[in-house]
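# A closer look at the structure
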There are 2 protein chains.
Amino acid sequence: MSDLPSHIEIFEEGPREGFQIEAGPIASADKIALIDALSGTGIRHIQICSFVSPRLVPGWADAEAVAAGFTPKPGVAYNALWFNEAGLKRALAFRDRLSMTGSISLAASEAFSRRNLNRDRAGNIEAMRRQTAAHLAAGIPVGRVGVMAAFGCNFAGDITPEQVVQTVADGLAIAAEHGQAIHDLSLADTMGWATPARIERVVGAVRGRWPELALRLHLHDTRGLGIANAMAGLRLGVARYDSTVGGLGGCPFAAHKGAPGNIATEELVLLCEEMGIATGIDADALIAAGHLAERIVGHTLPSAALRGGSLAAFRARAA
Amino acid sequence: MSDLPSHIEIFEEGPREGFQIEAGPIASADKIALIDALSGTGIRHIQICSFVSPRLVPGWADAEAVAAGFTPKPGVAYNALWFNEAGLKRALAFRDRLSMTGSISLAASEAFSRRNLNRDRAGNIEAMRRQTAAHLAAGIPVGRVGVMAAFGCNFAGDITPEQVVQTVADGLAIAAEHGQAIHDLSLADTMGWATPARIERVVGAVRGRWPELALRLHLHDTRGLGIANAMAGLRLGVARYDSTVGGLGGCPFAAHKGAPGNIATEELVLLCEEMGIATGIDADALIAAGHLAERIVGHTLPSAALRGGSLAAFRARAA
C-alpha cells in the first residue's frame, strides 16, 4: 500500500448538508453549536451554510444568522455554498469570516444537467462562464472545478472515464478563458454509483491527462460502498475528501428513500488514523460532535462509527 | 487490481445471527420464510439456526422446528451452529437436511477466550481436542479452523499477525492429531478492529506460512469499515466471505450498543457484481429478502444497500 498518503485533508460538509435536508426546522443556535463543536475537533475546513433561495431550501433561510453567529477558530477555513449571483452577493457580506473561492461546477452526465439544472452541456458551460465572471468582478478567485455524476448517473446510467475527462476539460477551459488557475479538482459520486474499480479508472484517466492537479473525492454511501471507495482513493494517493459528521445529509434522490448521503467523517477518520494516515482530527471529539448532531436532528444518523466508537479506550484499558 | 477473484462464495449467516440477537420472539414460520427466500436468491450456503441452550439463547429455543421446517433447495448447503456435544447431538437429528462439518474454533486473543469462554489458551485447545474427537465419533469430519479476534480485541487491544499464525498452528495441530484435513480457514474480526492494512498483514502472514489453505473472512461492520475490509480481502484474492442479509445480527458487545454486526450480504454482492466478480446471487432478489427480514424483525436493518437499491433498474431505464 505504498501510495497511501501520509496525511489527508477532510472537508467537513455536515452542517450545510445536514441542515438542508432535515424535515423539521433546526434552530440557528443549534447549527452554530455544531459548527463550533466541529472546529474543536481538529477539522480545518467546515462548510457552514448555503446561500440559497429560502423558498427552495427552507432549511437555510437563516444562512445569515449562522454565518454571523459561529466563533471563528484560527487555522480553520469556513466556507459556504451558493449557486448564483444572488447567493454570491449574500455570501460576500461575510467575506471577512468566510474562506471564499469560486467553483466551476459541471456534470459528467448531460441527462443529469438537464434534469437537475434544466441546462444542456452547452447551457451549463455558458452559465459557468457567467458565474466565473461574476466572481472575478467581485474580487473572488475561481480555483476549483467540480464534476458531478463522475462515476455513474441515475438518468444516464454508466459514465465513462472519457466523459469525465471531457467535463474536466470543459471546466479548465472556462477557468483558462478567465485567467484562473485551478488548484482543486473535485470528482463527485453524486448518486452513489462508484466502486473501487470505477474510482481507479476515473482517477487514472484524469491523472493521466492532468497529473499536476490535486484531486478531491466527494463520495456518497448510498449503497454502503462509500468507505471502500475512499480507501480506493487513498491507495491512489488522493489526499482530499469531502464528508459529513455522522453521515449527516441523506440522499436527496427519491429512488433512494432513507439511504445515506455523504460518507461519515468519523468513519473516514478511523479508517485513516488506524492505518497511520494523519487527519489532524481527534476521533473521539468528532464522535462526540456526531452525537451532538444526532441530538440536534432528533434521530440517529447512518454512521456505524458513532455506535462502534473509536479503539482508543479499548487500547488504553488493555495496556 | 489483478488479484481480484473471478468469483466468490458467500456464506449467509443472517437467519442464525439475526434471530439470535433480536429482542422479541420471532415465529418459527418467519424464520423459515426468510431461509426459503434466501435460497431463492442464488445463495449457496445458509446458516439456518443455532443448537444452543434455550436458557442462554432464548431466540433459538425453536432450532429443531426451523431445521425441520425449511424447504431444502438442491444446490444449497444448509448448516447450523453448535458449541458442545449437546448441541452436536441435537444437530445430528437433522444430518439428512444439514451440511455437517466440525470446526475447531480458537481465539487469537487469550483475554477474549478467558472473558467469553472462561478458558485460557491451553484450556481452549483441550476443549477443541475433545470436541474434535466427539465429531469424529459421530462420523462428522472436522474440516475447518476458525480464529476469533484475529484483527484486534476489546480486552487485549491490538493482535499481532504472529499471534494469529500461532493460533492457526494450534488449530491445525489439533486437526492433524486426529487425522483431519483442514480445507477452510476462517479469520474473524469479532470485535470490529480490522482495517484494510490489518487485513493485508494478517492474510499475508497466514498465507506465507500455509499458502495452500483456502481463507475465509468473517467481517464485522462495527465502525463502518467492513466493506472496505472485504475489498482488501478481494484484492488479495480471498474468495470466501461470511455475511448477513440486511446486516442482520448487530454487535453483541455492550460497548458498541446499536452498532452493526456482520457486513451486509447485499452490500458485498453489489461491491462484487459491480466490479465483475461473480457471486451467483441475484442482488434484487437478495434486497427483497432483506426487506422481508426487516418486516420480520420489525425495524430497519443497518444495510445502506437495502435503501440505495441495486443499479439494475437505473441502467435499464437509461438504456
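The residue numbering used here restarts from 1 in each chain and proceeds along that chain's sequence as written. As a convention, the first chain written is A and the first ligand written is 1, with the rest following in written order. Local features in this predicted model are restricted to residues whose pLDDT is 70 or higher, and side-chain atom pairs enter the listing and the counts only when it is 80 or higher, whereas totals over whole chains, interfaces and linings include all residues. Hydrogens are left out, water is left out, and the side-chain values use all remaining heavy atoms of the structure.

### Brief notes about the UniProt feature "domain: Pyruvate carboxyltransferase" (unreviewed entry) in chain A
UniProt positions are given in the numbering used here, feature names are shortened, and annotations may be inferred rather than shown by experiment. As annotated in UniProt, the feature "domain: Pyruvate carboxyltransferase" (unreviewed entry) corresponds to residues 8–287 of chain A in the numbering used here. Under the DSSP-based scheme used, a helix requires at least four consecutive residues in state H or I and a strand at least two consecutive residues in state E, with every element numbered from the N terminus. Secondary structure across residues 8–287 of chain A comprises 41% helix and 15% strand; the distance between its end C-alpha atoms is 19 Å.

### Considerations on the interface of chain B and chain A
Listed per partner, the contact involves 43 residues of chain B and 43 residues of chain A. Carbon and sulfur atoms make up 65% of the area that chain B and chain A hide from each other, which totals about 3,400 Å². Salt bridge, as used here, is a side-chain nitrogen of Lys or Arg placed within 4 Å of a carboxyl oxygen of Asp or Glu. Put simply, chain B and chain A have six salt bridges between them. Taking the shortest distance from any N to any O, the salt bridge between Asp158(B) and Arg315(A) comes out at 2.5 Å. Any pair of N or O atoms that falls within 3.5 Å is considered a polar contact. Within protein, one atom must be able to donate a hydrogen and the other to accept it, and sequence-neighbouring residues count only if both atoms are side-chain atoms. Along the contact surface separating chain B from chain A lie twelve residue pairs in polar contact (both at pLDDT 80 or more). Mapped by element, the contributors of at least two residues to the side of chain B that touches chain A are α8 (196–209), α9 (226–235), α10 (265–274), α12 (305–308) and α13 (312–318) of chain B. Every residue pair with non-hydrogen atoms within 4.5 Å of one another is taken to be in contact. Here the buried area means the combined drop in accessible surface, using a 1.4 Å probe, for two parts upon being joined, counting both sides.

### Looking at the domain arrangement of chain A
Residue and element names in this part refer to chain A. Per the domain assignment, the segments of chain A are domain 1 (1–100 + 276–319) and domain 2 (102–243). Using C-alpha coordinates to define each centre, domain 1 is positioned 22 Å away from domain 2. Listed per partner, the contact involves 22 residues of domain 1 and 21 residues of domain 2. Summed over both sides, the interface of domain 1 with domain 2 buries roughly 1,600 Å², with 59% coming from carbon and sulfur. Here domain 1 is connected to domain 2 by zero salt bridges. Contributions of two or more residues to the side of domain 1 that touches domain 2 are made by β1 (9–12), α1 (14–21) and α4 (85–92). For every domain, the bounds stem from an assignment made automatically or drawn from a database.

### A look at the side chain of Asp170(A)
Residues and elements named next belong to chain A. Among the structural elements, Asp170 can be located in helix α7 (residues 161–177). Accessible area is worked out with a 1.4 Å probe on protein chains only. A residue is then buried under 20% of its type maximum, exposed over 50%, and partly exposed in between. Asp170 sits in the buried class, given a relative accessible area of 10%. Here the side chain of Asp170 touches Arg121 through a polar contact of 2.9 Å, side chain to side chain. When neighbours within four sequence positions are excluded, Asp170 is seen to be in contact with Leu106, Arg121 and Ile125.

### Examining the relation of the copies chain B and chain A
Superposing chain B onto chain A requires a rotation of 180 degrees together with a translation of 0.0 Å along the rotation axis, leaving an RMSD of 0.0 Å. Such a combination of rotation and displacement between the chain copies is what one expects of a two-fold axis. Within chain B, the C-alpha atom positioned nearest to the axis of rotation is that of Ala228(B), 1.9 Å from it. A high fraction, 100%, of the interface residues of chain B reappear at the interface in chain A, so the copies pair face to face through one surface. Superposition of the copies used a least-squares fit over C-alpha atoms from residues whose pLDDT is at least 70 in both.

### Structural notes on unusual backbone geometry
Generally, phi is negative for residues other than glycine and the peptide bonds are trans, each holding for most cases. Despite not being glycine, Ala149(A) has its phi angle at roughly 55 degrees, a positive value. Within the secondary structure, Ala149(A) is located in the loop between β5 (142–148) and α7.

### Some points on the sheet that holds strand β2 (residues 45–51) of chain A
Adjacent strands of a sheet form backbone hydrogen bonds with each other and so pair up, either parallel or antiparallel. Residue and element names in this part refer to chain A. Across the sheet, eight strands lie side by side as β3-β2-β1-β8-β7-β6-β5-β4; this open sheet has parallel pairing. Each edge of the open sheet is held by one strand with a lone partner, namely β3 (77–82) and β4 (102–107). In this sheet, adjacent strand axes meet at a mean angle of 25 degrees when their direction is disregarded. One ladder, built from two bridges, connects β1 with β2; its direction is parallel. Strand pairing is assigned whenever DSSP identifies at least 2 bridges connecting the two strands. Here, axes are lines fitted to C-alpha atoms. For helices the fit covers the stretch in contact, and angles between N-to-C directions go from 0 to 180 degrees.

### Looking at the packing of aromatic side chains
To pair, rings of Phe, Tyr and Trp, with the six-membered ring standing in for Trp, must have centres within 6.5 Å; the planes then decide the type, stacked if under 30 degrees apart, edge-to-face if over 60, and tilted in the middle. Scanning the model with the defined rule gives eight aromatic pairs over all chains in all. Relative to Phe94(B), the ring of Phe51(B) has its centre 6.0 Å away and its plane inclined at 15 degrees; by these criteria the two rings are stacked. You can see Phe51(B) sitting in strand β2 (residues 45–51) and its partner Phe94(B) sitting in the loop between α4 (85–92) and β4 (102–107), a full 43 residues away along the chain. Residue classification places Phe94(B) among the buried residues on the basis of a relative accessible area of 11%. Over the aromatic face of Trp60(A) sits the side chain of Lys31(A), whose NZ or CZ is 4.0 Å from the ring centroid. Comment: the charge-over-ring label is applied if NZ (Lys) or CZ (Arg) is within 6 Å of the ring centre and within 35 degrees of the ring normal. Lying across the ring of Phe70(A), Arg97(A) places its NZ or CZ 4.4 Å from the centre.

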